[in-house]
Amino acid sequence: MEQINVTIAGPRGRMGKEAVQLVKDTEHFTLISVIDHKKDVDLDVPVYADIQTCFQDRVPHVLIDLTTPEVGYHHTKTALEYGVRPVVGTTGFSQEELQELKVLSESKSTGCIIAPNFAIGAVLMMKFSQMAAKYFDDVEIIELHHDQKLDAPSGTALKTAEMIREVRETKKQGHPNEKETHSGARGADVDGMHIHSIRLPGLIAHQQVMLGAEGQTLTIRHDSFNRGSFMSGVKVSVETVMKLDTLVYGLENILD
């Protein structure tokens, strides 16, 4: 299999450490550099504080970015400009940013994958929820994450809502005269669906989609108990992005 040279942005984080180990454990992946703003990462590859300096020294085939939305957007845009294929696990991009990156990706004929969730089970949870929403049009999404997560709702929850919206007509759920006695009690409103975000220490990444109809409910749930659960999706994304010439948003779009 063709050798793929990889740079990782965010190697000191918990997801970043898992990605470093994944690349080291995969025979046809080679870690050639990492990007970290403090530069005190103890790895046997060059460490850069700046992505442009990194790419000026040696251009990888793929950038794995596991940083923050603001940094991730800058890294993704810079990578595409250098002809590097980004695989991005950072959530929180706006629709405008995603569209801008898609245009840039296609203008450079350089693949890019942005995935709100790299866990295969989470992707199946989203797909199953979309299937169920054809028959249950009352939907509530509850997403639960660790208390250091920066964005709410999660990218996975928003992506789930987007997928459900494709098959569900807009509907205002609950009593027509419903009133929140405390602001935010009903969560975020997406086409009448409600998204609730929970942040607690001890959690990793969890989501359940509850669907209701007369006399019955259906609950679809996925749990990630450690960050190793995301690495199978990262591996598939690195291999797949080499074959793309456009931006793909969501792991479900590259899985058979």
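Attention in this report is confined to the structure presented alongside it.

Here is what the cut-offs are and how they apply
- Residues numbered from 1 in each chain as written.
- Predicted model: local features only at pLDDT ≥ 70, side-chain atom pairs only at ≥ 80, totals over all residues.
- Heavy atoms only, no water.
- Pairing = 2+ DSSP bridges.
- Helix = DSSP H or I, 4+ residues; strand = E, 2+ residues; numbered from the N terminus.
- Axes fitted to C-alpha atoms, helices over the stretch in contact; angles between N-to-C directions.
- Polar contact = N/O pair within 3.5 Å; in protein donor to acceptor, adjacent residues only side chain to side chain.
- Contact = heavy atoms within 4.5 Å.
- Buried < 20%, exposed > 50% of the residue type's maximum accessible area, 1.4 Å probe, protein only.
- Parallel < 35°, antiparallel > 145°, perpendicular 65-115°, else oblique.
- Left-handed = near helix turned anticlockwise from the far one by under 90°.
- Nonpolar A, V, L, I, M, F, W, Y, C, P; charged D, E, K, R; others polar.
- Phe/Tyr/Trp six-rings, centres within 6.5 Å; stacked < 30°, edge-to-face > 60°.
- Salt bridge = Lys/Arg side-chain N within 4 Å of Asp/Glu carboxyl O.

Right, let's talk about the sheet that holds strand S11 (residues 216–224) for a bit. In spatial order, the strands read S8-S9-S7-S10-S11; together these five strands make up an open sheet with mixed pairing. Taken across any chain shown, the strands that pair with only one partner, and hence form the sheet edges, are strand S8 (188–190) and S11. Adjacent strand axes in the sheet meet at a mean angle of 20°, parallel and antiparallel pairs treated alike. Strand direction decides the pairing type here: strand S10 (residues 205–213) and S11, joined by nine bridges, are antiparallel. In the strand pairing of S11, Leu211 is matched with Leu218.

Before going further, it helps to examine the side chain of Ser33. As for its placement among the helices and strands, Ser33 is situated in strand S2 (residues 29–35). At 2.7 Å, the side chain of Ser33 forms a polar contact with the side chain of Thr7. Apart from residues lying up to four places away in sequence, Ser33 is in contact with Val6, Thr7, Ile8, Val45, Pro46, Tyr48 and Cys54.

Quick look at the environment of Gln3 now. Residue position: Gln3 is located in the segment before strand S1 (4–9). For Gln3, a relative accessible area of 34% gives the class partly exposed. Along the chain, Gln3 and Lys108 lie 105 residues apart, while their C-alpha atoms are 22 Å from each other. Here Gln3 is in contact with Glu27, His28, Phe29, Thr30 and His61, once residues within four sequence places are set aside. Here the side chain of Gln3 touches His28 through a polar contact of 3.4 Å, landing on its backbone oxygen. Side-chain polar atoms of Gln3 contact the side chain of Thr30, separated by 2.7 Å.

Contact geometry for helix H1 (residues 14–25) and helix H7 (residues 231–241): axes closest at 10 Å, N-to-C directions at 55°. Between H1 and H7, the angle falls in the class oblique. In this structure, the crossing between H1 and H7 has a hand that is right-handed. Seen from H1, the contacting residues are Met15, Glu18, Ala19 and Leu22; seen from H7, they are Met231, Val234 and Lys235. When its residues are assigned to classes, the contact of H1 with H7 shows five nonpolar, no polar and two charged.

Our focus in this paragraph is unusual backbone geometry. Following Ala152, the chain continues into Pro153 via a peptide bond in cis, with omega recorded as 0°. Backbone geometry places Asp191, a non-glycine residue, at a positive phi of 55°. Of the residues examined, Asp191 reaches a relative accessible area of 24% and is grouped as partly exposed.

Right, let's talk about the packing of aromatic side chains for a bit. A full pass over the atoms with the stated rule returns two aromatic pairs. Look at Tyr73 and Phe93: their rings are 6.4 Å apart centre to centre, the planes differ by 70°, and that puts the pair in the edge-to-face class. Highlighted residues: Tyr73 in helix H3 (residues 69–81) and Phe93 in the loop between strand S5 (85–88) and helix H4 (95–107), separated in sequence by 20 residues. Per residue, the accessibility class of Tyr73 equals that of Phe93, and both read buried.

Right, let's get into the pattern of salt bridges. For the structure shown, the criterion picks out 14 salt bridges. A salt bridge links Glu252 to Lys159, with the shortest nitrogen-to-oxygen separation between them at 3.1 Å. Taken as a pair, Glu252 in the segment after strand S12 (247–249) and Lys159 in helix H6 (residues 155–165) lie far apart in primary sequence, 93 residues in all. Note on Glu252: relative accessible area 7%, which makes it buried.

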